[in-house]
Amino acid sequence: MKSVTFTNNLSCELMEWIEEYSVNEKLTRRAILEQALNEFKKSIRQKEYAQSFKRASMDTEMKVMAEEGMGDYLEQLIRLEK
């Protein structure tokens, strides 16, 4: 993956913590920041998925489609048992 130069200011406390963690874990600051941002990105996606499921649960058309789909699934299971 192509990398990009990113410049930003951090609080002294946070930077000191990153430096200490970097030494203890033998990781670069870049690796620590990338890992943290990837985890943050993952948590945001999980929240978005949860919100979309909540919206879908309130949509009557989605409920009908889900119920019909479950009925079809049940019929397939019953056929397999025979």
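Residues numbered from 1 in each chain as written. Predicted model: local features only at pLDDT ≥ 70, side-chain atom pairs only at ≥ 80, totals over all residues. Heavy atoms only, no water.

Points about the layout of surface pockets
Quick reminder of the rule: Definitions used for this entry: grid spacing 1 Å over protein atoms alone; cavity, a set of points where a 1.4 Å probe fits but cannot get out; pocket, an open set with protein on both sides within 12 Å along at least 5 of 7 lines; lining residue, one with an atom within 4 Å of a point. Grid points are joined across faces, edges and corners, and a volume is the space filled by probe spheres set on the points. We count a stretch as a helix when DSSP gives it H or I for four or more residues in a row; a strand needs E for two or more, and each element gets its number in order from the N terminus. Throughout this entry, Asp, Glu, Lys and Arg are counted as charged residues, while Ala, Val, Leu, Ile, Met, Phe, Trp, Tyr, Cys and Pro are counted as nonpolar. The remaining residues, Gly among them, count as polar.
Taken as a whole, the largest pocket holds about 750 Å³ of empty space. Lining the largest pocket we find 18 residues, and of these F6, R30, L33, E34 and L37 sit closest to its centre. The biggest single contributor to the lining of the largest pocket is helix α2 (residues 29-57), with eight residues. Here the residues of the lining of the largest pocket sort into nine nonpolar, four polar and five charged.

Things to note about unusual backbone geometry
At K26, a position not held by glycine, the phi torsion is positive, near 55 degrees. By the secondary structure assignment, K26 is in the loop between α1 (12-25) and α2.

So, the pattern of salt bridges
Close approach of charged atoms lets side chains of opposite charge pair. For the record, the criterion: Put simply, a salt bridge is a Lys or Arg side-chain nitrogen that is within 4 Å of an Asp or Glu carboxyl oxygen. Remark: exposure states derive from per-residue accessible area (1.4 Å probe, protein chains only) relative to the maximum for the residue type, with buried under 20%, exposed over 50%, and partly exposed in between.
As enumerated under the stated definition, the model contains two salt bridges in all. With a shortest N-O distance of 2.9 Å, E19 and R29 are connected by a salt bridge. Of this pair, E19 sits in helix α1 while R29 sits in helix α2; the two residues are 10 residues apart in sequence, bridging distant segments of the chain. Judged by its relative accessible area of 43%, R29 falls in the partly exposed class. Of the charged contacts, one joins E34 and R30 as a salt bridge, the two residues approaching to 3.0 Å between their closest N and O atoms.

Points about the confidence of the model for the chain
Reading fine detail from the predicted coordinates is not recommended where pLDDT is low. Heads up, the rule is: Scored from 0 to 100, pLDDT reflects the predictor's confidence in each residue.
The predicted model of the chain averages 86 in pLDDT, with 96% of residues at 70 or higher. When mean pLDDT is taken per element in the chain, α1 scores highest with 97 and helix α3 (residues 60-81) scores lowest with 73.

Here we look at the side chain of S22
Rules: By the criterion applied in these results, polar contacts are pairs of N or O atoms within 3.5 Å in which, for protein atoms, one can donate a hydrogen and the other can accept it, and in which residues neighboring in sequence qualify only through two side-chain atoms. By definition, residues are in contact when any of their heavy atoms lie within 4.5 Å.
Secondary-structure assignment places S22 in helix α1. A distance of 2.7 Å separates a polar side-chain atom of S22 from the backbone oxygen of L27. When near neighbours in sequence (up to four residues on either side) are disregarded, S22 contacts L27, T28, R29 and I32.

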